[in-house]
Amino acid sequence: MNEVVVQALSEYLYETGEPEALWPEHWFVEVSTSRWIAGGLIDAILDHPMDSAEDIMEELAIKMTAFHAASDGTKAERIFSIAEKCLWEWLELFREENIFS
(Lines give C-alpha, C1' and ligand atoms only; values in the text may rest on other atoms or scores of the structure.)
Protein backbone atom coordinates (compact mmCIF):
# COMPACT_ATOMS: atom_id res chain seq x y z
CA MET A 1 0.00 0.00 0.00
CA ASN A 2 2.72 2.51 0.95
CA GLU A 3 4.52 1.81 -2.33
CA VAL A 4 1.38 2.63 -4.32
CA VAL A 5 1.00 5.97 -2.54
CA VAL A 6 4.68 6.82 -3.05
CA GLN A 7 4.37 5.90 -6.73
CA ALA A 8 1.23 8.04 -7.18
CA LEU A 9 2.88 11.03 -5.50
CA SER A 10 6.07 10.54 -7.54
CA GLU A 11 3.97 10.54 -10.72
CA TYR A 12 2.28 13.73 -9.53
CA LEU A 13 5.70 15.37 -9.09
CA TYR A 14 6.79 14.22 -12.53
CA GLU A 15 3.57 15.37 -14.22
CA THR A 16 3.45 18.81 -12.60
CA GLY A 17 7.05 19.60 -13.46
CA GLU A 18 9.12 22.36 -11.97
CA PRO A 19 7.42 25.74 -11.62
CA GLU A 20 8.77 28.43 -13.91
CA ALA A 21 9.89 31.86 -12.76
CA LEU A 22 7.76 33.64 -15.38
CA TRP A 23 4.50 32.14 -14.15
CA PRO A 24 2.05 34.42 -12.33
CA GLU A 25 2.97 34.51 -8.63
CA HIS A 26 -0.24 32.82 -7.41
CA TRP A 27 0.28 29.85 -9.73
CA PHE A 28 4.00 29.61 -8.93
CA VAL A 29 3.26 29.52 -5.18
CA GLU A 30 0.50 26.94 -5.61
CA VAL A 31 2.60 24.57 -7.72
CA SER A 32 5.72 25.03 -5.57
CA THR A 33 3.79 24.38 -2.38
CA SER A 34 1.95 21.33 -3.70
CA ARG A 35 5.26 19.87 -4.90
CA TRP A 36 6.89 20.67 -1.54
CA ILE A 37 4.18 18.88 0.44
CA ALA A 38 4.14 15.91 -1.96
CA GLY A 39 7.90 15.52 -1.54
CA GLY A 40 7.60 15.86 2.23
CA LEU A 41 4.88 13.23 2.29
CA ILE A 42 6.99 10.83 0.22
CA ASP A 43 9.91 11.35 2.63
CA ALA A 44 7.67 10.78 5.66
CA ILE A 45 6.28 7.55 4.20
CA LEU A 46 9.73 6.26 3.29
CA ASP A 47 11.12 7.23 6.73
CA HIS A 48 8.34 5.27 8.50
CA PRO A 49 7.83 2.10 6.42
CA MET A 50 6.01 0.28 9.25
CA ASP A 51 3.33 2.98 9.51
CA SER A 52 0.47 3.13 7.05
CA ALA A 53 0.62 5.83 4.40
CA GLU A 54 -2.96 6.75 5.29
CA ASP A 55 -2.02 7.44 8.92
CA ILE A 56 1.06 9.43 7.91
CA MET A 57 -0.92 11.48 5.41
CA GLU A 58 -3.73 12.16 7.86
CA GLU A 59 -1.27 13.19 10.60
CA LEU A 60 0.48 15.59 8.22
CA ALA A 61 -2.88 16.98 7.04
CA ILE A 62 -3.87 17.66 10.65
CA LYS A 63 -0.53 19.41 11.28
CA MET A 64 -0.95 21.59 8.18
CA THR A 65 -4.50 22.44 9.29
CA ALA A 66 -3.16 23.54 12.68
CA PHE A 67 -0.32 25.53 11.11
CA HIS A 68 -2.80 27.18 8.73
CA ALA A 69 -5.07 28.15 11.63
CA ALA A 70 -2.14 29.50 13.66
CA SER A 71 -0.73 31.54 10.79
CA ASP A 72 -3.75 33.79 10.38
CA GLY A 73 -2.70 37.00 8.69
CA THR A 74 0.88 35.99 7.94
CA LYS A 75 2.55 35.23 4.63
CA ALA A 76 2.78 31.57 5.69
CA GLU A 77 -1.02 31.36 5.80
CA ARG A 78 -1.32 30.82 2.04
CA ILE A 79 1.40 28.16 1.98
CA PHE A 80 -0.15 26.18 4.83
CA SER A 81 -3.59 26.62 3.26
CA ILE A 82 -2.39 25.12 -0.03
CA ALA A 83 -0.55 22.28 1.74
CA GLU A 84 -3.61 21.52 3.89
CA LYS A 85 -5.91 21.49 0.86
CA CYS A 86 -3.60 19.20 -1.13
CA LEU A 87 -3.26 16.68 1.70
CA TRP A 88 -6.98 16.45 2.46
CA GLU A 89 -7.80 16.15 -1.26
CA TRP A 90 -5.19 13.42 -1.81
CA LEU A 91 -6.38 11.60 1.30
CA GLU A 92 -9.97 11.68 0.04
CA LEU A 93 -8.94 10.61 -3.46
CA PHE A 94 -6.82 7.69 -2.23
CA ARG A 95 -9.67 6.57 0.04
CA GLU A 96 -12.18 6.76 -2.81
CA GLU A 97 -9.83 4.75 -5.03
CA ASN A 98 -9.28 2.19 -2.23
CA ILE A 99 -5.52 2.73 -2.44
CA PHE A 100 -5.19 2.27 1.30
CA SER A 101 -6.91 -1.14 1.29
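See the structure shown above.
Residues numbered from 1 in each chain as written. Predicted model: local features only at pLDDT ≥ 70, side-chain atom pairs only at ≥ 80, totals over all residues. Heavy atoms only, no water.

Peer 1: How should the packing of helix α2 (residues 25–47) against helix α3 (residues 53–70) be read in this particular structure?
Peer 2: Two numbers describe a pair of packed helices, the interaxial angle and the distance between the axes. Two numbers describe how α2 lies on α3: the axes approach to 10 Å, and their chain directions differ by 135°. Between α2 and α3, the angle falls in the class oblique. α2 and α3 meet at a crossing whose hand is right-handed. Seen from α2, the contacting residues are Trp36, Ile37, Leu41, Ala44 and Ile45; seen from α3, they are Ala53, Ile56, Met57, Leu60 and Met64. Residue composition of the contact of α2 with α3, by class: 10 nonpolar, no polar and no charged. (Axes fitted to C-alpha atoms, helices over the stretch in contact; angles between N-to-C directions. Helix = DSSP H or I, 4+ residues; strand = E, 2+ residues; numbered from the N terminus. Parallel < 35°, antiparallel > 145°, perpendicular 65-115°, else oblique. Left-handed = near helix turned anticlockwise from the far one by under 90°. Contact = heavy atoms within 4.5 Å. Nonpolar A, V, L, I, M, F, W, Y, C, P; charged D, E, K, R; others polar.)

Peer 1: Looking at this model, I keep getting lost on the pattern of salt bridges. Mind explaining?
Peer 2: Any two side chains of opposite charge can pair if their charged atoms end up close together. This model, assessed by the stated rule, comprises five salt bridges. Linking lysine 63 and glutamate 59 is a salt bridge whose minimum nitrogen-to-oxygen distance equals 3.5 Å. A residue pair is termed a helical-turn pair when its members lie 3 or 4 positions apart in one helix, as lysine 63 and glutamate 59 do in helix α3 at four residues. Close ionic contact of glutamate 89 with lysine 85 constitutes a salt bridge, the shortest N to O distance being 4.0 Å. One end of the pair, glutamate 89, and the other, lysine 85, are both in helix α4 (residues 76–96), four residues apart, so they sit about a helical turn from each other. On the basis of relative accessibility, which here comes to 43%, the residue glutamate 89 falls in the partly exposed class. The exposure class of lysine 85 is partly exposed, given its relative accessible area of 48%. Several salt bridges converge on common partners, so that one network encompasses Glu54, Glu58 and Arg95. (Salt bridge = Lys/Arg side-chain N within 4 Å of Asp/Glu carboxyl O. Buried < 20%, exposed > 50% of the residue type's maximum accessible area, 1.4 Å probe, protein only.)

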